[in-house]
Structure formats: structure tokens, C-alpha cells
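Structural overview for review
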Amino acid sequence: AWNESDLCKVIILKATGNKAFCAGGDVKQQGEGQHAIKFFEEEYQLNHLIATLDKPFVSFLDVGGGVGLSVHAPFRVATENTVFAMPETKIGFFPDVGGSFFLPRMDGEVGTYLALTGASLKGLDVFLSGIATHYVPSQRLPLLENRLSEIECDDHEVINAAIEEFVAEHNHDHSYALGGNVRKSIDRVEDILKALEQENSNWSRKTINTILQMSPTSLKEKSDFARGVKHLLVEKEKTPPKWDPPSLEEVFDVDIDEFYFNPSGTQELELLNI
């Protein structure tokens, strides 16, 4: 209805409190089978709907969570409070909410690094990485919202210009978390573990430890979802799950091809009409 209404000029999505932008999907309740299929079907339909709206869609990312509700929008406003992460491989899943679409489109191999490690980006780094399109101090958001509500057209360039009125000057002393030598190691993704070992810094050692705790099948784009959810979220175990197979070396490309590119009995996702 918003997309067709002449009264609607811009759509703004924001948190109702200061705890989280979105709590995320309750994956503990999804399980397997048709219930899980229905859950993810509706999720991906919503992701696509947001990405293809004609009306300008502005997400205020003033807190964490809600990647799928924000990252596909044409305008994504980060603040000093913003937290971004894609931690799905920790529970045996691949990057969710359309992550396989937007992560590969990030600069260099930053998206690959975020997918493999589930690492968090905060504040200005969310903008510098390209996840956010604008960086606005949180105290300016009410003024920005008022400014957007006054606009009498749905022209994306007009909306962009209005947001630009409120952006903050960049702090040139800020050290980007994924810059410098860290970025050099990230971009050597063709053999990322070896590159991290050669980096031999506190960051690289921590990253190696993080990757080795993730599901090997999820790291190579296959789901070990049910096992990860049960172990970490339902049973609340502190140790990594016993993944099957247990190592990256035991996950073969032929299995990935069969799972994703030659699946049997699958149904194509029906997209929503707008």
C-alpha cells in the first residue's frame, strides 16, 4: 500500500527503543522441515520487497540487529551506536537475510571476512565498510526524521540530499577496524587461514580461533543449522558443537555443488508483488 500511495513520500524504519533495532528471528523455534521453510520463505520475500520498493526507504541503524530489514534499503543511516554482525556460521548456518547477495558486493574481501568470522563492526566503521550509506550522530536523528517528513516528493535524490544535511564530519584520527595490515590479510581470502597465520598478530590469532569454532559446512556455504541451534541456543553449551564433517578439509566442493546448484525436490521462491 505504501508503495502505491500518493500520500506516502518516504518510508522510515527505526527502533522503538534503545536496546536493539530488531531482536532477529527466533531460530530456536524454527527447527526443520516445512515450518522452517515457511519461516525463511517469508523472510526472503520481505528482504526482496524492501530492496525493490519504488518509494525511498530509510533505515535508522541507531542500535544493533535487523540487518535484513535495513541492508537492502537504498538509505542506511548509521550512528555511533550502530552494531553490525553476521554471526550465522557460529550456529551452523550460512549468512542469512540475503547475505550471499550483499556481502560479495562489499569492497575487496571484507564481506567474505565478515561472513566467515561473524565479526562485529561498530559506529563509524559500519559506514566506512559500505554497509551504511550515511553516518549521522544519534542526537540528530529526530531532526533528520522531521526533515524527511516535510518532503513533498518521493525522489531519491531529494531524500539523499536531505540526509546529507545531517551527516557528521569524519574523524580523521579514527582507526578503521578493517584497515591497514588487517585489510591486506582479509583480501588474501583464497587461502585466508594461511594468510592469517602469516600475519601473526593478536587480531589474526583471534580470527583463526574464531573461524575454527565455526561450522565447516557453513564456512563453505552449506547449512549445519539444526545442530548449531540445538547445541548453542537450546542446550546453551559453551563449547563449539561437534560439526559434521568436523573440518574444512572434509567439506568437498562436489557436496556444495549438489546441495546448492543441483538440489532435488526444491521449490522456487515466489516473490511478493508490489
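In short, a report on the structure. Nothing here was measured: the structure is a model prediction, and the numbers come from that model.

Conventions adopted
- Residues numbered from 1 in each chain as written.
- Predicted model: local features only at pLDDT ≥ 70, side-chain atom pairs only at ≥ 80, totals over all residues.
- Heavy atoms only, no water.
- Pairing = 2+ DSSP bridges.
- Helix = DSSP H or I, 4+ residues; strand = E, 2+ residues; numbered from the N terminus.
- Contact = heavy atoms within 4.5 Å.
- Axes fitted to C-alpha atoms, helices over the stretch in contact; angles between N-to-C directions.
- Core = buried A, V, L, I, M, F, W, Y, C linked by side-chain atoms within 4.5 Å.
- Buried < 20%, exposed > 50% of the residue type's maximum accessible area, 1.4 Å probe, protein only.
- Phe/Tyr/Trp six-rings, centres within 6.5 Å; stacked < 30°, edge-to-face > 60°.
- Lys NZ or Arg CZ within 6 Å of the ring centre and 35° of its normal.
- Parallel < 35°, antiparallel > 145°, perpendicular 65-115°, else oblique.
- Left-handed = near helix turned anticlockwise from the far one by under 90°.
- Nonpolar A, V, L, I, M, F, W, Y, C, P; charged D, E, K, R; others polar.

1. A few points about the sheet that holds strand S3 (residues 75–78)
- Sheet architecture is open: 4 strands sit in the order S1-S2-S3-S6, paired in parallel fashion. The open sheet is flanked by strand S1 (11–13) and strand S6 (134–135), the only strands paired with a single partner.
- Relative to strand S2 (residues 57–61), S1 runs parallel, the two sharing 3 bridges. Bridge pairing links isoleucine 11 to phenylalanine 57 in S2.
- Sitting on the sheet, helix H7 (residues 156–164) is in contact with S2, S3 and S6, with an inclination near 10° to S3.

2. So, the nonpolar core
- In terms of nonpolar packing, the biggest core is built from 25 residues, with Phe84, Leu114, Ile131 and Leu178 touching the most fellow members.
- Secondary-structure elements contributing two or more residues to this core are helix H4 (110–117), helix H5 (124–128) and helix H8 (180–186).
- A per-element tally of this core places H4 first, with 4 residues.
- Look past the residues within four positions of leucine 114 in its chain and what remains in contact with it is Phe84, Met86, Leu103, Met106, Ala119, Leu121, Ile131 and Leu178.
- Val10, Val136, Leu148 and Phe166 belong to the second largest nonpolar core, which has 14 residues in total.

3. Some points on the packing of aromatic side chains
- Summed over all chains, the structure comprises 0 aromatic pairs.
- Positioned over the ring face of phenylalanine 101 is arginine 105, at 3.8 Å from the centre of the ring.

4. Considerations on the packing of helix H6 (residues 141–149) against H7
- At a closest axis distance of 10 Å, the pairing of H6 and H7 adopts a crossing angle of 150°. With respect to H7, the axis of H6 lies roughly antiparallel. In this structure, the crossing between H6 and H7 has a hand that is right-handed. Contacts between H6 and H7 involve Leu144, Arg147 and Leu148 from the first element and Ile159, Ala162 and Ile163 from the second.
- Classifying every residue of the contact of H6 with H7 gives 5 nonpolar, no polar and 1 charged.

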